[in-house]
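Each chain, written out:
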Amino acid sequence: MHVLILGGTTEARRLAELLAADALPGLRVTNSLAGRVAAPRLPPGEVRVGGFGGADGLAGWLREHGADLLIDATHPFAGTISRNAARAAATAHVPLLALRRPGWVPVEGDRWHEAGSLEEAAALLPGLGRRVFLTTGRTGLAAFADLRGLWFLLRSVDAPGGPHPARMETLLDRGPFTLDGEREVLRRHRIDVVVTKDSGGAATAPKLTAAREAGLPVVVVRRPPVPAGVRVVAGPGQALEWVREAHARRPGPDGG
């Protein structure tokens, strides 16, 4: 059995580790990384880096390499990849599972402002603050480029490129982040509004707690939906069980 994991997330790497430790007989795992991070943390198993050439290219790869299962464990905001995965799985007749960490839920004291896109988030900012902690990654900065009266602190793993706000400082860092560290970032840079995507998970959640403690507004960009009809699980353990169940249904060497 050959499993292709579309990865690049903590959950994808953990699933690859679980599959390696489980040692199901005859199981082959290929991890696909988009290649957008210069020095990614590599999971166990085979690794390929780069795109497939859209849904048709991915469907062709699944057929050519004899993939039996496809697991979309990409970032919750990798909407294009997820749509391509759904189309490719249907075309190649390969079962597809989406592994998605649960989104964040506001608690008492949070001052959240939801936005449907980065452009909507940018439109909200002038009425919320002047010193912005931007934690949406290095792509999509063009949405904020025309906000002249604001200062931005961008945090990302790699340096940004392309259009971006004129008044911007970049903080190169990679999670997980601590609560004390996030408090210090807000204090040192005199942040008065935070912008984040609802990526979920614990690695980057401390910024939400720090913002709540400081009484700061947070603009939260809603994640895109998983394509219709795709089964979704919330954790690597559940994805492992899905692979085990599929492995158990496969006929043995004698066809039985």
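For the structure itself, look to the data block above.
Description of the structure in this document. (Residues numbered from 1 in each chain as written. Predicted model: local features only at pLDDT ≥ 70, side-chain atom pairs only at ≥ 80, totals over all residues. Heavy atoms only, no water.)

**Looking at helix H1 (residues 10-22)**
Side chains that are three or four residues apart share a direction in an α-helix, a result of its 3.6 residues per turn.
Okay, step 1: Taking 1.5 Å of rise per residue, 13 residues should cover 18 Å, and H1 covers 18 Å from first to last C-alpha, within 8% of that figure.
Okay, step 2: Along H1, the residues classified as buried are Glu 11, Ala 12, Arg 13, Leu 15, Ala 16, Leu 18 and Leu 19.
Okay, step 3: On its buried face, H1 is in contact with strand E1 (2-6), strand E2 (28-33), strand E4 (69-72), strand E5 (96-99) and helix H7 (236-249).
Okay, step 4: Among the residues trailing H1, Ala 23 stands out with phi positive, at a value near 55°. (Helix = DSSP H or I, 4+ residues; strand = E, 2+ residues; numbered from the N terminus. Expected span 1.5 Å × (residues − 1). Buried < 20%, exposed > 50% of the residue type's maximum accessible area, 1.4 Å probe, protein only. Contact = heavy atoms within 4.5 Å.)

**Notes on the packing of aromatic side chains**
Okay, step 1: Per the counting criterion, the structure on display carries 2 aromatic pairs.
Okay, step 2: Residues Phe 52 and Trp 61 carry aromatic rings whose centres are separated by 5.9 Å and whose planes lie at 80° to one another, so their mutual orientation is edge-to-face.
Okay, step 3: Judged by centre distance (5.9 Å) and plane angle (65°), the rings of Phe 144 and Phe 152 are edge-to-face. For the residue pair Phe 144 and Phe 152, the accessibility class agrees, reading buried in each case.
Okay, step 4: Sitting over the ring of Trp 151, Arg 131 keeps its end group 4.0 Å from the ring centre.
Okay, step 5: Its end group placed over the ring of Phe 177, Arg 155 keeps NZ or CZ at 3.6 Å from the ring centre. (Phe/Tyr/Trp six-rings, centres within 6.5 Å; stacked < 30°, edge-to-face > 60°. Lys NZ or Arg CZ within 6 Å of the ring centre and 35° of its normal.)

**Some remarks on the sheet that holds strand E12 (residues 231-233)**
Note: strands within a sheet are paired through backbone hydrogen bonds, in either parallel or antiparallel orientation.
Okay, step 1: If you trace the 6 strands from one edge of the open sheet to the other, you get E3-E2-E1-E4-E5-E12, paired in parallel fashion. Of all the strands in the sheet, the pair left with one neighbour each is strand E3 (46-49) and E12. Taken over all neighbouring pairs, the strand axes of this sheet differ in orientation by 25° on average, direction set aside.
Okay, step 2: Here E5 pairs with E12 via 3 bridges, running parallel. The residue of E12 that forms the bridge with Leu 99 is Val 233. (Pairing = 2+ DSSP bridges. Axes fitted to C-alpha atoms, helices over the stretch in contact; angles between N-to-C directions.)

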